[in-house]
Amino acid sequence: MRGDPNRSSPGGASPTAHVEPVPGEPAATATIAGERLLLVADYHAGYEVGLRYERGVEVPNHASDRRERLLALCERTRSDRLVVLGDLMHSIGDPCGAERGELEVLFESFPADLAVTVVKGNHDGRIEAWLEGSHEIDAPVDIVSGGGVALGDIGVCHGHTWPNPAVLKREVVCLGHEHPCVRLTDEVGGSRVERAWLRGRLDPEPFRERPDYEGLSWLERTDESPPHVVVMPAFNDLVGGTWVNVTGQSFLSPFLPAGLADGEAYLLDGTRLGAYESV
């Protein structure tokens, strides 16, 4: 991640594989082999329907706002590929009703030349059965498991499960799932919660315990730095998340916070807050 001229990379020089936050937005860009990527996480299509059935809460439907924001970002960043880091949809099973309608309109609205990669999140259920079988969707769609995939020097995963070994061999690992937020308090006791980015390096310790990762050089050699890690804010601004700077908050990912070393928090506008625990 870049964008703040006053910040330094945890643990040394910045990675050559740059993941660039889009100023003011819960999204980032990267360029891999000449292909421009737009990365977002936790879109949660149909969330308002879920609130109604799960909690009995009625809120206005923001589907069109979500869609227009994402389409505007694709155009603004001139992206060749949209990469969704999990939880494109909200229901656990097959999308239906308003949720399916939201997704159909979204995919029908994408430019014909926009490729899409969806990393399956814990909310994405059998999304591949619907996307791959839909006759209404023209955009080329790749669907990968929640453990993620390597895209050039960047590894992407959702974060609800342990990453695939190939993801951990990249310079930068990007994930969602956590919906990181910070609670900010002013001098008179007022407070607000804002979405945030988390950035640091992977701490080798929790990964050493898992046999799947035997042979990863940064786990075995003290002279090799672990990958940088970027935890993305949720694209959907209604879903809440983990208040990372509040004592007692439990993280959602099985390898966080133990797997995050020198973790720093940033607001969407690029403001560097410093070590996330002490914000």
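Analysis parameters
Residues numbered from 1 in each chain as written. Predicted model: local features only at pLDDT ≥ 70, side-chain atom pairs only at ≥ 80, totals over all residues. Heavy atoms only, no water. Helix = DSSP H or I, 4+ residues; strand = E, 2+ residues; numbered from the N terminus. Expected span 1.5 Å × (residues − 1). Buried < 20%, exposed > 50% of the residue type's maximum accessible area, 1.4 Å probe, protein only. Arc of directions from axis to C-beta. Pairing = 2+ DSSP bridges. Salt bridge = Lys/Arg side-chain N within 4 Å of Asp/Glu carboxyl O.

**Overview of helix H2 (residues 63-76)**
So, step 1. Here H2 spans 20 Å end to end across 14 residues, near enough to the 20 Å set by a 1.5 Å rise per residue.
So, step 2. Considered for burial, the residues of H2 that qualify are Ala 63, Arg 66, Arg 67, Leu 70, Leu 71, Leu 73 and Cys 74. All buried residues of H2 project into a common sector of 155° when viewed along the axis, lining one side.
So, step 3. Once H2 finishes, Arg 78 follows within two positions and takes phi at roughly 50°, a positive value.

**Looking at the sheet that holds strand E3 (residues 35-40)**
So, step 1. One open sheet accounts for six strands, arranged E1-E2-E3-E4-E5-E6; its pairing is mixed. Two strands bound the open sheet, and with one partner strand each, they are strand E1 (20-21) and strand E6 (141-144).
So, step 2. Direction of pairing for strand E2 (residues 28-32) relative to E3: antiparallel, over a ladder of five bridges. Each bridged residue has a counterpart across the sheet, and for Thr 29 the counterpart in E3 is Leu 38.

**Details of the pattern of salt bridges**
So, step 1. Counted under the stated rule, the structure contains 10 salt bridges.
So, step 2. Across the pair Arg 208 and Glu 205 runs a salt bridge, and its minimum N-O distance is 3.0 Å. With Arg 208 and Glu 205 both in helix H5 (residues 205-208) and three residues apart, this pair spans about one turn of that helix.
So, step 3. Owing to a relative accessible area of 47%, Glu 205 belongs among the partly exposed residues under this scheme.
So, step 4. Put simply, Arg 221 and Asp 223 hold a salt bridge, and the shortest N to O gap is 3.0 Å.

**Some thoughts on unusual backbone geometry**
So, step 1. Cis geometry is adopted by the peptide bond preceding Pro 257, which originates at Leu 256 and carries an omega value of 0°.
So, step 2. Phi at Ala 33 is positive, roughly 50°, even though this residue is not glycine.
So, step 3. Inspection of the secondary structure puts Ala 33 in the loop between E2 and E3.
So, step 4. You can call Ala 33 exposed: its relative accessible area is 86%.

In short, the description is geometric, and any link to function would need to be established separately.
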